[in-house]
Every structure is written in C-alpha cells, then in structure tokens.
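Spelled out from the first residue to the last, the chains are:
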Amino acid sequence: MLEVKGIENGIVIDHIQAGKGLKVFNRLFSATDNSVVLLMNVTSKQLGRKDIIKIENTFDVNMDILGIIDPNITVNIIKNNKLVEKLKAEIPKSLKGGLQCQNPRCITHTDDYAEPEFKLISANGKLEYECSYCEEITVYKL
Amino acid sequence: MRHLIEPEDLTIDEINRLVEVGLDMYNNPKVYNKICDGKILASLFFEPSTRTKFSFDSAMMRLGGNVIGFADASTSSTSKGESLADTIKVMGAYADIIVMRHPKEGAPKLASQYSRLPIINGGDGGHQHPTQTLTDLITIKRFKETVNGHNVAFCGDLKYGRTVHSLIRTLARFGNTKFILISPDELKLPSALKRQLINQYGVELVEVTSMEDVIDDIDILYMTRIQKERFFNEEDYLKLKNSYKLTREKLKNAKPDMIVMHPLPRVNEIGYDVDDDKRAVYFEQAEMGVYVRMALISMMLEVGPYARS
Ligand SMILES: [Zn+2]
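Residues numbered from 1 in each chain as written. Chains lettered and ligands numbered in written order. Predicted model: local features only at pLDDT ≥ 70, side-chain atom pairs only at ≥ 80, totals over all residues. Heavy atoms only, no water.

- As recorded by an unreviewed UniProt entry, chain B carries the name Aspartate carbamoyltransferase and is attributed to Fusibacter paucivorans.
- Note on chain B: under the UniProt heading Pathway (unreviewed entry), the record states "Pyrimidine metabolism; UMP biosynthesis via de novo pathway; (S)-dihydroorotate from bicarbonate: step 2/3."
- Its UniProt record gives chain B the following Subunit (unreviewed entry) comment, quoted word for word: "Heterododecamer (2C3:3R2) of six catalytic PyrB chains organized as two trimers (C3), and six regulatory PyrI chains organized as three dimers (R2)." (UniProt positions renumbered as here; feature names shortened; annotations may be inferred.)

- Going by what an unreviewed UniProt entry lists, chain A is known as Aspartate carbamoyltransferase regulatory subunit and is assigned to Fusibacter paucivorans.

1. A look at the nonpolar core
All names here are of chain B.
Thought 1: Counting residues in each nonpolar core, the largest one holds 58 residues, and the members touching the most others are Phe154, Leu171, Phe179 and Ile297.
Thought 2: Counting residues per element, this core draws most heavily on helix H11 (residues 282–301), which supplies eleven residues.
Thought 3: Two domains each donate at least three residues to this core, and these are domain 1 (7–127 + 289–306) and domain 2 (130–286).
Thought 4: Excluding its chain neighbours within four sequence positions, the residues that come into contact with Leu171 are Leu137, Ile140, Val147, Asn148, Val152, Phe154, Asn176 and Phe179. (Core = buried A, V, L, I, M, F, W, Y, C linked by side-chain atoms within 4.5 Å. Buried < 20%, exposed > 50% of the residue type's maximum accessible area, 1.4 Å probe, protein only. Helix = DSSP H or I, 4+ residues; strand = E, 2+ residues; numbered from the N terminus. Domains from an automatic or database assignment. Contact = heavy atoms within 4.5 Å.)

2. Quick word on the domain arrangement of chain B
Note on interface size: it is often stated as the accessible area lost on association of the parts.
Residue and element names in this part refer to chain B.
Thought 1: As far as domains go, chain B holds domain 1 (7–127 + 289–306) and domain 2 (130–286).
Thought 2: Each partner contributes residues to the interface: domain 1 has 28 residues there, and domain 2 has 20 residues.
Thought 3: Roughly 2,100 Å² of surface becomes buried between domain 1 and domain 2 when both sides are summed, with 62% attributable to carbon and sulfur atoms.
Thought 4: When the area that domain 1 buries against domain 2 is broken down by residue, the three leading residues are Pro7, Ile12 and Arg51, summing to 24%.
Thought 5: Where domain 1 meets domain 2, there are two salt bridges.
Thought 6: For the salt bridge of Arg169 with Glu8, the shortest nitrogen-to-oxygen distance reads 3.7 Å.
Thought 7: At the junction of domain 1 with domain 2, the criterion picks out eight residue pairs in polar contact (both at pLDDT 80 or more).
Thought 8: Mapped by element, the contributors of at least two residues to the side of domain 1 that touches domain 2 are helix H1 (12–27), helix H3 (50–62), strand E4 (119–124) and H11.
Thought 9: Tallying contributions element by element places H1 first for the side of domain 1 that touches domain 2, with nine residues. (Buried area = accessible area lost by both parts, 1.4 Å probe. Salt bridge = Lys/Arg side-chain N within 4 Å of Asp/Glu carboxyl O. Polar contact = N/O pair within 3.5 Å; in protein donor to acceptor, adjacent residues only side chain to side chain.)

3. So, the pairing of strand E7 (residues 117–124) of chain A
All names here are of chain A.
Thought 1: Across three bridges, the pairing between strand E6 (residues 94–96) and E7 is antiparallel. What sits directly across from Lys96, in E7, is Glu117.
Thought 2: Relative to strand E8 (residues 126–131), E7 runs antiparallel, the two being bridged by six bridges. When the bridges of E8 are listed, Asn124 appears paired with Lys126.
Thought 3: Hairpin connection from E7 to E8: one residue lie between these consecutive antiparallel strands, with Gly125 at a positive phi of about 80 degrees. (Pairing = 2+ DSSP bridges.)

4. Considering the pairing of E8(A)
Residue and element names in this part refer to chain A.
Thought 1: Here E8 shows one buried face, formed by Leu127, Tyr129 and Cys131, and one open face, formed by Lys126, Glu128 and Glu130.
Thought 2: Sheet analysis places E8 next to strand E9 (residues 137–141), joined by five bridges and oriented antiparallel. When the sheet's bridge partners are listed, Lys126 is paired in E9 with Lys141.
Thought 3: Joining the antiparallel neighbours E8 and E9 is a turn of five residues, in which Glu135 adopts a positive phi near 65 degrees.

5. Section: the domain arrangement of chain A
Residues and elements named next belong to chain A.
Thought 1: In terms of domains, chain A is made up of domain 1 (10–88) and domain 2 (94–141).
Thought 2: Here domain 1 and domain 2 have C-alpha centroids that lie 25 Å from each other.
Thought 3: Residue-level contacts link six residues of domain 1 with seven residues of domain 2.
Thought 4: Regarding the contact of domain 1 and domain 2, the summed buried area is about 550 Å², with carbon and sulfur atoms giving 56% of it.
Thought 5: Looking only at domain 1, the three residues that lose the most surface to domain 2 are Arg27, Asp64 and Ile68, adding up to 74% of its buried area.
Thought 6: Inspection of the region where domain 1 meets domain 2 yields zero salt bridges.
Thought 7: Here domain 1 and domain 2 share one residue pair in polar contact (both at pLDDT 80 or more) between them.
Thought 8: Breaking the side of domain 1 that touches domain 2 down by element, the ones donating at least two residues are helix H1 (21–28) and helix H2 (63–69).
Thought 9: Considering each element in turn, the side of domain 1 that touches domain 2 owes the most residues, four residues, to H2.
Thought 10: Looking at side-chain class alone, the side of domain 1 that touches domain 2 contains three nonpolar, no polar and three charged residues. (Nonpolar A, V, L, I, M, F, W, Y, C, P; charged D, E, K, R; others polar.)

And the structure:
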C-alpha cells in the first residue's frame with residue numbers, strides 16, 4: 001500500500017466516501033498555502049474504499065460543509081504528533097454560506113449584504129435546504 | 001416595531017382586525033382622515049408597479065399623511081450602485097414607514113434586517129405580495145360577509161400565480177377546507193403547495209380543466225391571467241386562453257350571488273361584457289385594497305384604532 005507519513009500538526013479528514021475527496025479539497029482547501037495530501041481509494045475495513053485528506057498547520061475546518069458532502073466524515077486534530085480531538089461530521093440543520101441559492105431571482109445573488117442562509121427541510125436521499133430570503137428549496141445531492 | 005414580509009407574519013386574529021378596521025375606514029373615511037398627520041410613507045419601488053404604488057400612496061394620503069419615494073429604480077440612487085441596505089438605512093431619517101417593491105426575491109427580508117422603520121413588502125419578484133392577499137380577504141368579507149365557508153374556485157394560471165398561492169394558503173389558515181382549481185394541465189397548482197395544503201391543513205382540492213363543469217357550484221370565482229410567455233407555442237396559448245376566459249354566456253349558469261374577483265390588470269380573461277354584471281367585483285376589489293392598506297399603515301404606525309393607550 002502507498003505510504004504517506006503522518007503529520008505532526010494539522011488535521012486528518014478521514015472516512016470520506018471514495019470519490020468525494022477531491023470535492024472536499026476543492027470546496028475547502030484549494031486556496032491553502034499549507035501542505036496537503038489527498039489520498040484516494042484507500043482500502044478501508046468500514047467502507048471498502050475511502051478518501052483521506054491531510055493538511056499541515058491547519059486546525060480550522062468548516063464542519064457544515066463536510067457534513068453536506070458526506071456526514072460519515074471524521075476529523076482528527078493532531079498537535080505534536082498526538083491526536084487531541086476527534087470530530088464527527090453531521091448533516092447541518094442550518095447553513096450560513098457554503099451553498100448558493102438555486103433560485104436565480106434570489107436577492108442573495110446580487111446583494112453583498114445578503115449572505116445565503118438555509119434551513120434543512122428534508123434529508124431523505126437528498127438534502128433540501130430552504131433559503132431564508134426567497135424561501136425556495138435548494139437541493140444538495142448526497 | 002414589526003414588518004410585513006409575508007401573510008404568515010400576521011396572525012388570523014390580526015388579519016381579522018385589519019379587515020374590520022379597513023371596512024370601517026371604507027364606511028367612515030372622515031373618522032380617519034387625520035390619524036397619520038405628520039407621518040411620512042417612503043414608497044420605494046425598485047420595479048415599477050403603478051397600481052400598487054398608487055394604492056399605497058392613496059392610502060397614506062387618505063389618512064392625512066405624506067408620501068415620498070420613487071416609482072422606478074432608474075430614478076433612485078440604486079441606479080448609481082447603492083446597496084439596498086444603505087438606501088434603507090438612509091430612509092430611516094426621512095420617513096416613518098416604508099413600503100417597497102423589488103424585483104429580487106427576499107429583498108424586503110434583507111431590508112428589514114437593516115431598517116429602523118417598519119417595512120411593508122409591496123411585492124418581491126414572484127415570491128410574496130401580502131397586501132394583495134389582504135385586499136382579497138377584505139373584498140370577500142365585504143361581499144360575502146364571512147371569509148370562511150364558501151366554495152372558492154381559482155381559474156387560469158395556478159402554477160406561477162403567486163397571488164393565488166398566497167390567498168389559498170391564507171384561506172386554508174382561516175379554515176377553508178375545499179378549493180376548486182380550474183386550469184390547463186400545464187398550469188396546475190405546484191405539487192409542493194398541494195402537498196402542504198393537504199397535509200398541513202387537511203384541505204380537499206378538486207382539480208378540473210373546464211370552467212363549465214363547475215361554474216354552478218362556485219361562490220367565489222378568482223380569475224387570473226394566463227401569460228403567453230408560459231407557453232412553448234402560440235397555438236397552444238391561443239387555444240387555452242379562450243377556454244379560461246369568463247364570458248357573460250358562461251355566467252348564465254353561475255349562482256346569482258357568486259362574486260368574480262381578479263387581482264388586475266386583466267388582459268382578456270374576463271370579457272368586457274362581464275363588467276356590468278353585479279357579480280363582477282374586481283374594480284371594487286382594487287378599491288378595497290386602499291382601505292385595507294390604510295388599516296395596515298395604522299397598525300404598523302400604531303395610530304388611530306391601533307394607538308397605544
Ligand atoms: Zn434564495
């Protein structure tokens with residue numbers, strides 16, 4: 001198996017459904033200056049195959065975004081080679097930013113003051129979020 | 001301080017009171033013609049809507065208040081790129097209450113987050129237009145005595161017509177349990193709304209494609225415009241538009257005390273020969289809109305019948 005050394009300080013985003021690692025990277029870390037490793041199709045007892053992301057010297061991660069991409073994701077925070085915290089993603093009940101309203105006539109597309117805010121309406125196979133401004137439903141597919 | 005962004009911002013009791021106060025203003029206008037003395041309504045129309053603007057302006061003037069504002073975004077500072085939040089903050093010093101119409105959906109909600117004045121939504125895109133719903137309710141009350149207990153039918157474009165969606169939802173909140181929906185298959189009521197009406201309010205919906213089948217059973221016939229843009233080809237449009245047109249001929253089978261409503265402007269969905277029929281109340285409906293807006297302005301400014309003792 002491909003060997004990648006552990007990190008001293010940073011986070012490990014684990015149990016990402018295989019194929020979604022790149023999505024996580026693009027949404028959250030495409031602009032980072034820190035070292036990032038994206039592992040794809042790693043063998044996993046639990047999932048069969050999974051993706052993993054390791055980022056050095058970063059401790060903040062938007063758990064809501066991880067939650068809408070894949071609620072099975074776990075996040076390990078590592079300081080001085082030690083696991084100091086383990087977080088579990090979950091489907092967010094509400095979201096600020098992170099999603100674009102699907103309604104082209106919505107005020108959030110044209111006014112900088114209107115930060116898109118959403119409320120979870122349904123998580124039945126697909127995630128349905130209601131925009132707090134125009135009340136249209138935006139679907140985020142799992 | 002409160003805002004009116006959508007009909008759900010008002011309780012059923014509050015709506016009932018607005019309708020009562022509005023009817024009293026209609027019957028006894030002199031009692032109320034000074035209650036907004038010294039008050040200013042800012043009427044901010046980022047998108048033109050002559051009818052709604054004049055209705056609000058007239059309402060404020062009939063209460064003895066004054067009006068400032070613009071009728072179209074090209075004459076306002078937004079055309080120079082000013083954000084909505086800034087426009088609204090500045091208005092705080094110029095007026096006592098704001099009515100706004102905006103092409104973007106959710107704009108009044110955004111404005112309310114930055115306003116120190118009460119905001120009334122005068123229509124935001126295809127989203128909400130709560131004072132149209134109040135206008136419809138006061139009209140029903142004036143002509144049918146109660147808001148509840150009538151066979152209400154909606155005819156025409158039930159898919160895109162926000163006026164219809166809003167009124168149906170509000171009537172369902174009032175406890176109306178049955179609606180007749182007359183439309184072509186292409187323009188049926190959206191299924192999400194149907195689900196809400198059935199699940200949340202236990203409403204029975206009767207869907208038909210022909211007015212003739214149901215006209216003798218209707219107490220309130222709410223007509224809407226079928227827009228050409230909704231159709232792929234001219235032929236379909238022309239064919240459909242006439243089958244959803246109300247004529248004197250079709251009225252023959254209707255109940256003698258049925259009323260015909262329409263949010264106006266109409267194009268040709270109601271024949272001009274219907275206007276003289278006493279069942280046609282759409283011009284009175286537009287008139288009642290002024291009075292229910294007067295009641296609303298009084299409520300939000302806490303003056304006249306709404307003054308705090
Ligand atoms: Zn929106």
